[in-house]
Amino acid sequence: MAYEITDDCVLCGNCADECPIKAVKNEGDKYAIEQELCVECGACTFVCDSGAIVTK
């Protein structure tokens, strides 16, 4: 199940800190998940307080 970060992101950085393989990257004005690196573990979704990480 692939994940993506929506515009609801508040740029807290919790998802990037939690990702065990560092697939979540800060792209300046937003965070994004590098799909080719993501192993779909879901760790980022558990720490996203704004609910901005959803399945594709």
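Scroll up for the structure.
Residues numbered from 1 in each chain as written. Predicted model: local features only at pLDDT ≥ 70, side-chain atom pairs only at ≥ 80, totals over all residues. Heavy atoms only, no water.

Q: A description of the environment of S50 should follow, citing residues and the corresponding values.
A: Checked against the element boundaries, S50 lands in the loop between α2 (43-47) and β4 (53-55). With relative accessibility at 32%, the residue S50 sits in the partly exposed group. Each C-alpha atom of the pair S50 and E36 lies 24 Å from the other, and the pair is 14 residues apart in sequence. In this structure the side chain of S50 is engaged in a polar contact, spanning 3.5 Å, whose partner is the backbone oxygen of D8. (Helix = DSSP H or I, 4+ residues; strand = E, 2+ residues; numbered from the N terminus. Buried < 20%, exposed > 50% of the residue type's maximum accessible area, 1.4 Å probe, protein only. Polar contact = N/O pair within 3.5 Å; in protein donor to acceptor, adjacent residues only side chain to side chain.)

Q: Would you mind going over a nonpolar patch on the surface in detail, with residue names and values included?
A: Taken together, the side chains of I21, L37 and V39 present a nonpolar region at the surface, about 250 Å² in accessible area. Topologically, V39 is positioned in the loop between β3 (31-33) and α2. (Patch = residues over 30% accessible without salt bridge, like charges linked within 9 Å, V, L, I, M, F, W, Y side chains within 5 Å. Areas by Shrake-Rupley, 256 points an atom, 1.4 Å probe, with all protein chains shown as cover. Salt bridge = Lys/Arg side-chain N within 4 Å of Asp/Glu carboxyl O.)

Q: Account for the environment of V10, naming residues and giving values.
A: Tracing the sequence through the fold places V10 in the loop between β1 (3-5) and α1 (14-18). The exposure class assigned to V10 is exposed, which follows from its relative accessible area of 59%.

Q: I'd love a proper account of the nonpolar core, names of residues and values included.
A: Counting 14 residues, the largest nonpolar core has I5, C15, V24, Y31, I33, C44 and I53 as its most contacted members. Listing elements by their share of this core, those giving two or more residues are β1, α1 and β3. Among all residues touching I53, those that are not within four sequence positions of it are Y3, E4, I5, C15, I33, C44, T45 and C48. (Core = buried A, V, L, I, M, F, W, Y, C linked by side-chain atoms within 4.5 Å. Contact = heavy atoms within 4.5 Å.)

Q: Before we move on, could you go through unusual backbone geometry and cite the residues and values that matter?
A: Positive phi outside glycine occurs at L11, with the angle close to 60°. Mapped onto the elements of the fold, L11 is located in the loop between β1 and α1. The phi torsion at E40 lies on the positive side, around 60°, for a residue other than glycine. Note on placement: E40 falls in the loop between β3 and α2. For E40, a relative accessible area of 38% gives the class partly exposed.

Q: Can you tell me about the state of the cysteines, naming the residues and giving the values?
A: Under the definition given, this model contains zero disulfides. For the unlinked cysteine C44, the closest cysteine sulfur is that of C38, found at 6.4 Å. (Disulfide = S-S within 2.5 Å.)

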